[in-house]
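Fold and geometry: a report
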Amino acid sequence: MKPVTRTIHITLLCLLTIALFACGGGGGTERFTTGIPIPPDAEAPVITPLVVQSDSLKSAGVKYYRIPNATAGDLYALEIFATRRDFESWDILTDHLTWANNNSIPLLRIYRPGTDPGTMDLYLEHDYSGALGGSLFSWDYYGWGKHDLDIPLFRIPQTGTYYIAVSTDNLGFGSVYSLRLQTVATPVDATALATDNTTPGNAIAVTGSTTIYDHYTSTVPAAPNYYRFNVSTPTIACFEVTAFRNGRFMGDTDYFDPTLVLYSGLNPTPAAILADGLDIDIDDYLFSDPKLCYKLTTAGDYLLEVNEAISTGSSDYFLTATINAGIGRLATGELAGGGGTANNTFGTADAIAYGDTVVEDVGASLDPEDWFTFTATPGDVLELQVFDGTNADDETNGVYVELFATNTAKPLRASAPAAATLPTKYSVTGPGAFTIRTILEADAAAGQAAPLAYYLKFTPQSPIPGPTNYTFSLNRLRAASFGAVDGFTVEQNVGSNNLPSAAPEDLDNNGYGAGILGVGDAADSFRFTPPAAGKLVTINVYAKAPASRKAHDLDGFGSTLQPIVTVYGGNATTELAKATYTAETLVSAEGIAAPTPTLTVSYLSPGGTDNYIQIASEPGSTTEYPAYFIEVVTEP
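About the criteria used
- Residues numbered from 1 in each chain as written.
- Predicted model: local features only at pLDDT ≥ 70, side-chain atom pairs only at ≥ 80, totals over all residues.
- Heavy atoms only, no water.
- Helix = DSSP H or I, 4+ residues; strand = E, 2+ residues; numbered from the N terminus.
- Buried < 20%, exposed > 50% of the residue type's maximum accessible area, 1.4 Å probe, protein only.
- Contact = heavy atoms within 4.5 Å.
- Areas by Shrake-Rupley, 256 points an atom, 1.4 Å probe, with all protein chains shown as cover.
- Patch = residues over 30% accessible without salt bridge, like charges linked within 9 Å, V, L, I, M, F, W, Y side chains within 5 Å.
- Salt bridge = Lys/Arg side-chain N within 4 Å of Asp/Glu carboxyl O.
- 1 Å grid on protein atoms, 1.4 Å probe; cavity = no way out; pocket = protein on both sides within 12 Å on 5 of 7 lines; lining within 4 Å.
- Points joined across faces, edges and corners; volume = space filled by probe spheres on them.
- Nonpolar A, V, L, I, M, F, W, Y, C, P; charged D, E, K, R; others polar.
- Pairing = 2+ DSSP bridges.
- Axes fitted to C-alpha atoms, helices over the stretch in contact; angles between N-to-C directions.
- pLDDT = per-residue confidence, 0-100.
- Polar contact = N/O pair within 3.5 Å; in protein donor to acceptor, adjacent residues only side chain to side chain.
- Phe/Tyr/Trp six-rings, centres within 6.5 Å; stacked < 30°, edge-to-face > 60°.
- Lys NZ or Arg CZ within 6 Å of the ring centre and 35° of its normal.
- Core = buried A, V, L, I, M, F, W, Y, C linked by side-chain atoms within 4.5 Å.
- Disulfide = S-S within 2.5 Å.

Looking only at helices and strands, the protein features three helices and 41 strands. Per-residue burial over the protein gives 57% buried out of 636 residues. Of all intrachain contacts in the protein linking residues separated by at least 6 positions in sequence, the fraction that spans at least 24 positions is 78%. Put simply, the protein shows about 23700 Å² of open surface, and 54% of that area lies on carbon and sulfur atoms.

Okay, structure coming up:
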């Protein structure tokens, strides 16, 4: 059985300051983490999955909620909409009684049944600035920025009543918030908790697609956890850890900052670790949670290591593994015919489609570049995942990728984690950075109703003898249906400044809309029917990568737009909510559970017939490619 470490410090001072949930303010101070008296039922209303709880916080207040009769093994997600609900008040607040800037965010804590009857023990918590009495390694230490600190995935360890506490980060003024608890149906294998897999010889076998629940104990020297799997055919293996996003575990003063290492073979000796490690430090994919994806073509056994980067936190964690039996979808390229020059010009581009995985080579003397074409709709949000010399065991060279629109070969912007060597030429830099995303623009007259042709161009990063092999997959993240009766709407009136009171576009039945702010556009606007009064409405905006880079591989969509989003009520003049890309202080309208949007606006529906979304750009931001995609998600 694996040990679970926790920090237990009980002092009289803490007992007297329980309402603040922290004793002192700096590292090294004692924290009250066990034996906490449970709040009265009247002060802790029941929170039911999918039923949104809304309230407000002021100063050092704490609000409680309870999950009665939670069953051991159940999985939940907990989201708090605060900076997303009232961005301006959380960001900076000046009233008639105080001059203080707010610059605050809400903090979440979850308590499990206590060791002593009638008490509760700290289970999970977020700590932005270390104000809860933690060590140096607070959320702020990692530089992720102030936003809504959700707890996106947690497991009930024992049957009983659990309590949720909501408070402010800096004891400053708060504002309104909404809290949503959701059940998670993903099956989880928790048998690893009873297994000591801290040596390669005791590695836990992993097959297919699964989520394993395990525990990491911080020790000096480190004692990583190990997992093993076998490959018999070419395979793309992906692994992702969820831990850091959930917060600090069981009173530990540090966040668990995990890393992933993949080795060939099952017995890496210390001298062979650097040689055998296919990658030695996969870190910070979603915040400080890592993800590793690797193309494996060499049959045999492989070993996966879960370790920690710089913190000393111990924690339970989720390891999600996807090990495909083969590459999967496959559009055979030149490799199927032993190489060649069939698609080495724009005019001879190979036709592919969304969902294809393509195996190809490029760079021979008569094959300096490869071209592919696919049919798509302006407004589509696409993702290109590439496996080359940095994240495939059979490749020795990297490739550059370029994206073009229609038959004019007009370059399109695309987001990528590496710096571009040219405005539209991107390289893939590693297993933790292997995707390119963009919002497709139309290179056609306004009103174009038909899907258009788009092109991909691949070239080697450096000349080597013989061809460079690579694999890529093309996927659509958000689908457009340009011009359909009940379909997707791409803003058409470029330069028309279609404000809420002047011919707004209607969102489609999915709540989707997209566009590009043209020269002279002050703003675009869209109209939709809100849900019943009191229901939570969430508007996600996809454009430029958030400044916090919270999701290293999942944000950024090729856009240069720095959005300002305002929501108006039925009369098109009453402001319901607003968020901006650049905050007045440090607060941002983002969350953890949904990490990909550039920003998010949430509000409680006033009911009625029409609400309006107006999207503009921060003054002074570039208009080179101000594309955007918006989606509206409403509470059932």
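A word on a nonpolar patch on the surface. A surface patch of nonpolar side chains, amounting to about 310 Å² of accessible area, comprises Leu136, Tyr141 and Ile310. Tracing the backbone shows leucine 136 in the loop between strand S6 (119-125) and strand S7 (146-148). The exposure class assigned to leucine 136 is exposed, which follows from its relative accessible area of 58%.

Applying the stated rule across the entire model yields three cavities of 30 Å³ or more. For the largest cavity, the lining is made up of 14 residues, of which Leu124, Tyr213, Asn246, Asp316 and Phe318 are closest to its centre. Broken down by secondary-structure element, the contributors of at least two residues to the lining of the largest cavity are S6, strand S8 (151-155) and strand S20 (315-323). Here the element with the most residues in the lining of the largest cavity is S20; it accounts for four residues. Each residue belonging to the lining of the largest cavity can be placed in one class, and the counts come to nine nonpolar, three polar and two charged.

Turning next to the pattern of salt bridges. As a working rule, side chains carrying opposite charge can pair if their charged atoms are close by. Applying the stated criterion to the full structure yields 18 salt bridges. With its nearest N and O atoms 4.0 Å apart, the salt bridge here joins arginine 109 to glutamate 125. Taken as a pair, arginine 109 in strand S5 (residues 106-113) and glutamate 125 in strand S6 lie far apart in primary sequence, 16 residues in all. For arginine 109, a relative accessible area of 1% corresponds to the buried category. Note that arginine 248 is salt-bridged to glutamate 125, the shortest N-O span being 3.0 Å. Here arginine 248, found in strand S15 (residues 248-249), pairs with glutamate 125, found in strand S6; they are 123 residues apart in sequence, far enough to count as distant.

Mapped onto the secondary structure, threonine 253 falls in the loop between S15 and strand S16 (258-264). Here threonine 253 falls in the partly exposed class, since its relative accessible area comes to 22%. Expressed as a C-alpha distance, the spacing of threonine 253 and leucine 136, which sit 117 residues apart in the sequence, is 8.6 Å.

This brings us to the sheet that holds strand S37 (residues 575-580). Judged by pairing direction, the sheet is mixed, and its five strands sit side by side in the order S32-S34-S40-S36-S37 without closing on themselves. The open sheet has two edge strands, strand S32 (505-506) and S37, and neither has a second partner.

The strand order S2-S10-S4-S8 describes an open sheet built from four strands, whose pairing is antiparallel. Strands with a single pairing partner mark the edges of an open sheet, and in this sheet they are strand S2 (53-56) and S8. Strand-to-strand, the axes of this sheet are offset by a mean angle of 25°, without reference to chain direction.

All right, on to the confidence of the model for the protein then. In this model, the protein carries an average pLDDT of 80, and 76% of its residues clear a pLDDT of 70 or more. Scored below 50 in pLDDT, residues 94-99 shows four contacts in the model against residues more than four places distant or in partner chains. Per-residue pLDDT stays below 50 along residues 492-496; that stretch engages in 14 contacts with residues further than four places along the chain or on separate chains.

The next thing to look at is the environment of glutamine 182. With respect to the helices and strands, the residue glutamine 182 is situated in strand S10 (residues 176-183). Not counting the four nearest positions on each side in its chain, glutamine 182 is found in contact with Pro49, Leu50, Leu75, Tyr76, Ala77 and Glu79. Among the polar contacts listed, one links the side chain of glutamine 182 to the side chain of glutamate 79, at a separation of 2.8 Å.

Under the counting rule described, the total for this entry stands at 29 aromatic pairs. Each member of the aromatic cluster is reached from another via a ring pair, and the members are Phe137, Trp139, Tyr141, Tyr142, Trp144, Phe244, Tyr255 and Phe287. In this structure, arginine 84 is placed above the aromatic ring of phenylalanine 81, and the distance from its NZ or CZ to the ring centre is 4.3 Å.

Attention shifts here to the pairing of strand S35 (residues 536-542). Counted residue by residue, S35 has seven buried out of seven residues, so it is predominantly covered. Neither face of S35 is open: one carries Leu536, Thr538, Asn540 and Tyr542, the other Val537, Ile539 and Val541, and all of them are buried. Pairing of S35 with strand S39 (residues 599-604), which is carried by six bridges, proceeds in the antiparallel orientation. Among the inter-strand pairings, asparagine 540 is bridged to a residue of S39, identified as threonine 600.

So, about the environment of tyrosine 216. Counting through the fold element by element, tyrosine 216 comes out in strand S12 (residues 209-216). Along the sequence, tyrosine 216 and glycine 313 sit 97 residues apart, while their C-alpha atoms lie 8.5 Å from each other. Here tyrosine 216 is in contact with Ala222, Ala223, Pro224, Asn225, Phe256, Val306, Asn307, Glu308, Gly313, Ser314, Ser315 and Tyr317, once residues within four sequence places are set aside. Engagement of the side chain of tyrosine 216 in a polar contact is seen with the side chain of asparagine 307, the distance being 3.0 Å.

Below, the discussion takes up the nonpolar core. Among the nonpolar cores identified, the biggest contains 43 residues, and Leu78, Ile110, Trp139, Phe154, Ile164 and Leu179 are the most heavily contacted of them. Taken together, the elements giving at least two residues each to this core come down to strand S3 (63-70), strand S4 (75-81), S5, S6, S8, strand S9 (160-168) and S10. Looking at which element gives the most residues to this core, the answer is S4, with four residues. Setting aside chain neighbours within four positions, we find isoleucine 164 in contact with Ile47, Lys63, Tyr64, Tyr65, Ile67, Leu78, Leu108, Arg109, Ile110 and Leu179. If you look at the next biggest cluster of nonpolar residues, it comprises 25 residues, including Ile204, Phe256, Leu260 and Tyr294.

This paragraph deals with unusual backbone geometry. Glycine aside, residues mostly have negative phi angles, and peptide bonds mostly take the trans form. In this model, valine 220 is joined to proline 221 through a cis peptide bond whose omega is 0°. Of note, leucine 50 is a non-glycine position whose phi angle comes to about 75°, a positive value. Locating leucine 50 in the fold gives a position in the loop between strand S1 (36-37) and S2. For methionine 250, which is not glycine, the phi dihedral falls at a positive 55°. Within the fold, methionine 250 resides in the loop between S15 and S16.

Looking now at the state of the cysteines. Applying the stated criterion to the full structure yields one disulfide. The residue that forms a disulfide with cysteine 238 is cysteine 293, at a sulfur-sulfur distance of 2.0 Å. In this structure, the disulfide formed by cysteine 238 and cysteine 293 twists by about 115° around the S-S bond and is classed as right-handed. Here cysteine 238, found in strand S14 (residues 235-242), pairs with cysteine 293, found in strand S18 (residues 291-296); they are 55 residues apart in sequence, far enough to count as distant. Comparing cysteine 238 with cysteine 293, the two get one shared label, buried.

Looking at the secondary structure, you find glutamine 53 in strand S2. For glutamine 53, a relative accessible area of 19% puts it in the buried group. Ignoring any residue separated from it by four or fewer positions in sequence, one finds glutamine 53 in contact with Val46, Ile47, Tyr65, Tyr177, Ser178 and Leu179.

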